Amino acid sequence: MQYWRKPLDADRIQIPHGEIHIVRDRCKGCGFCVEYCPKDVLELSSQFNIKGYHPPEAVNADACVHCQLCELLCPEFAIFVTLKEEEQTVEG
Amino acid sequence: MKKNAGNVPEHPMENLLRMDRIPHIWCSTCGIGTAVSCFIQALQNFDYPLDKIAVVSGIGCSGRIAGYIKLDSFHTTHGRAIPFATGLKLANPELKVIVFSGDGDLVSIGGNHLIHAARRNMDITVFCVNNFIYAMTGGQCAPTTPTDANSSTSPYGNFDHPFNIPLLVGSCGATYVARWTALHIRRLTRSMQEALEKPGFSFVEIIAPCSTLYARRNRLGTGLDLMKFYHDNSVIQHGAPLESLDIQFQKKIIVGKFIDKKRPTFLEAWDQYLGKKLGDKFISAEKGIRAA
Ligand code: SF4
């Protein structure tokens, strides 16, 4: 990430990482998560799910910062994020 | 990772959803699902015993909400969600009663119930999904359809003037009035939580896209295009004068928290007034309800 001015506490801040879980067959391909992910982690996949929609896939999974925006925005309860284990053990 | 019956990872909201009914019926890019997701998040943040919360809906696309929430919930007849909720609250004042329904149900067919519940300051929380149209019945013109918008009963555009819902409930005496769009997920969740915590008649209007009828009939693209429209055209203005909150077709939408005040609720007013008038003969509302 690029900052205009480096925050004074930047060296002390631990950026969390999330693990994305997608319930593919529940998705109706609305694309809300793809559009509004602030880190552009998601993209609609070219494959179909059981209902004939294109569910998202995490093309840039490492960039996820566990903001959980997609989880709250998803109208289908089809995507959610958990905090990556190793991050929880790192001292802040 | 916890898996559920279908061997898919368990979503953290599943404890409050009737999973046997999911996937729900709402169209792709409809905004109602997002409003429900925010509601569940608000419920999870809200510190109240879940067996003391009831959700009531009326009829329509948004009227299906109560059926998907795994709490005591009821799907009432058209427009009658508020009177049903009023009865629930008065019969059991310990309950937290939430009405979650659409504009066609609450403001149009149940409009009279809405204004009187606000006037009496009935201690219930109302969430109104406003998608500007009667969606489930085929996109007829509603009293919330903006002037100029096309609907199946206004094929040349609507010549009528729509309701300004925050002004309507605010002028009737609601103690909490806010409006957000389905895109303001964090603010909407916080607002829902505030409304749940607020004693008296609290009201949150949620502007949400109807992709299949409103967006399609008006050639506005999909629900995602409407979300982008909200992103570019909504203005947050807390405490904005209620008269300024009119919604015009595809013009800027003012959102925010407009009213947050204190006023005796229906049961408090009952106790205060009759306690003074009746002296020794007075039985408090709560005691009277317990005895009955
Ligand atoms: S008809 Fe409109 S309001 Fe109803 S589910 Fe479809 S998009 Fe949503």
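Here the structure is a predicted model, which means the values were calculated and not measured.

### Thoughts on the packing of helix 5 (residues 111–120) of chain B against helix 6 (residues 165–172) of chain B
All names here are of chain B. The geometry of helix 5 relative to helix 6 is characterised by a closest axis approach of 7 Å and an angle of 40° between their N-to-C directions. It follows that helix 5 is oblique to helix 6 by the angle criterion. Where helix 5 abuts helix 6, its residues Leu114, Ile115, Ala118 and Arg119 lie against Leu168, Val169 and Cys172.

### Focus: the domain arrangement of chain B
Residues and elements named next belong to chain B. Looking at the assigned domains, one finds that chain B contains domain 1 (14–261) and domain 2 (262–292). The distance between the C-alpha centroids of domain 1 and domain 2 comes to 31 Å. Listed per partner, the contact involves 16 residues of domain 1 and seven residues of domain 2. Buried area between domain 1 and domain 2, both sides added, is near 970 Å², and the carbon and sulfur share of it is 62%. Along the contact surface separating domain 1 from domain 2 lie zero salt bridges. Scanning the region where domain 1 abuts domain 2 turns up seven residue pairs in polar contact (both at pLDDT 80 or more). A class-by-class count of the residues in the side of domain 1 that touches domain 2 yields seven nonpolar, four polar and five charged.

### A word on the site of the ligand
Residue and element names in this part refer to chain B. Taken together, Trp26, Cys27, Cys30, Ile32, Cys61, Asn131, Ala135, Cys210, Ser211, Thr212 and Leu213 make up the full set of residues near the ligand. No other element matches helix 8 (residues 211–217), which puts three residues into the shell around the ligand. In terms of residue class, the shell around the ligand is built from eight nonpolar, three polar and no charged.

### Regarding the environment of B:Lys2
Residue and element names in this part refer to chain B. Looking at where Lys2 falls in the secondary structure, it is placed in the segment before helix 1 (32–45). Overall, Lys2 belongs to the exposed group, its relative accessible area being 60%. Spatially, the C-alpha atoms of Lys2 and Asn150 are 47 Å apart, while their sequence positions differ by 148 residues. When sequence neighbours within four positions are dropped, the list of residues in contact with Lys2 reads Val8, Pro9 and Glu10.

### Here's the deal with the interface of chain A and chain B
Contacts between chain A and chain B engage 26 residues on the former and 37 residues on the latter. For the pairing of chain A and chain B, the buried interface totals around 2400 Å² over both sides, and the portion due to carbon and sulfur atoms is 68%. There are two salt bridges connecting chain A and chain B. For the pair chain A and chain B, the interface holds twelve residue pairs in polar contact (both at pLDDT 80 or more). Elements represented by at least two residues in the side of chain A that touches chain B include exactly helix 1 (32–36), helix 2 (69–73) and strand 4 (79–83) of chain A. No other element matches helix 2 of chain A, which puts four residues into the side of chain A that touches chain B. Of the residues belonging to the side of chain A that touches chain B, the class tally is 15 nonpolar, five polar and six charged.

### Focus on the side chain of B:His24
With respect to the helices, strands and loops of the structure, B:His24 is situated in the segment before helix 1. For B:His24, a relative accessible area of 4% corresponds to the buried category. Here the side chain of B:His24 touches A:Glu76 through a polar contact of 3.4 Å, side chain to side chain. Sequence-distant contacts of B:His24, that is, excluding residues within four places in its chain, are made with A:Lys28, A:Pro75, A:Glu76, A:Phe77, B:Gly33 and B:Tyr68.

### Focus on unusual backbone geometry
Residues and elements named next belong to chain B. The linkage connecting Ile22 with the following residue, Pro23, adopts the cis geometry, with an omega of 5°. Along the chain, the position of Pro23 falls in the segment before helix 1. Phi angles above zero are rare outside glycine, and Thr29 is one such case at about 70°. With respect to the helices and strands, Thr29 occurs in the segment before helix 1.

### Details of the pattern of salt bridges
All names here are of chain B. Under the criterion given, the structure shown has nine salt bridges over all chains. The closest approach of N and O atoms between Glu194 and Lys257, which form a salt bridge, is 3.3 Å. You can see Glu194 sitting in helix 7 (residues 185–197) and its partner Lys257 sitting in strand 8 (residues 253–260), a full 63 residues away along the chain. The class of Lys257 is partly exposed, set by a relative accessible area of 26%. With a closest N to O distance of 2.7 Å, Asp260 and Lys198 form a salt bridge. Of the two residues, Asp260 is situated in strand 8 and Lys198 in the loop between helix 7 and strand 6 (202–207); the sequence distance between them amounts to 62 residues. Note on Asp260: relative accessible area 41%, which makes it partly exposed. Salt bridges sharing partners connect three or more residues here, namely Glu194, Lys198, Lys257 and Asp260.

### As for the pairing of strand 6 of chain B
Residues and elements named next belong to chain B. For strand 6, the tally of buried residues reaches six of six residues, placing the bulk of the element in the interior. Across six bridges, the pairing between strand 4 (residues 125–130) and strand 6 is parallel. Note that in strand 6 the partner of Thr125 across the bridge is Ser202. As paired elements, strand 5 (residues 176–181) and strand 6 share six bridges and run parallel to each other. Paired with Trp180 across the two strands is Ile206, which belongs to strand 6. Considered for its hand, the β-α-β crossover made up of strand 5, helix 7 and strand 6 is right-handed.

Thresholds, definitions, all that
Residues numbered from 1 in each chain as written. Chains lettered and ligands numbered in written order. Predicted model: local features only at pLDDT ≥ 70, side-chain atom pairs only at ≥ 80, totals over all residues. Heavy atoms only, no water. Axes fitted to C-alpha atoms, helices over the stretch in contact; angles between N-to-C directions. Helix = DSSP H or I, 4+ residues; strand = E, 2+ residues; numbered from the N terminus. Parallel < 35°, antiparallel > 145°, perpendicular 65-115°, else oblique. Contact = heavy atoms within 4.5 Å. Domains from an automatic or database assignment. Buried area = accessible area lost by both parts, 1.4 Å probe. Salt bridge = Lys/Arg side-chain N within 4 Å of Asp/Glu carboxyl O. Polar contact = N/O pair within 3.5 Å; in protein donor to acceptor, adjacent residues only side chain to side chain. Nonpolar A, V, L, I, M, F, W, Y, C, P; charged D, E, K, R; others polar. Near = heavy atom within 4 Å. Buried < 20%, exposed > 50% of the residue type's maximum accessible area, 1.4 Å probe, protein only. Pairing = 2+ DSSP bridges. Right-handed = clockwise from strand over helix to strand, strands pointing away.

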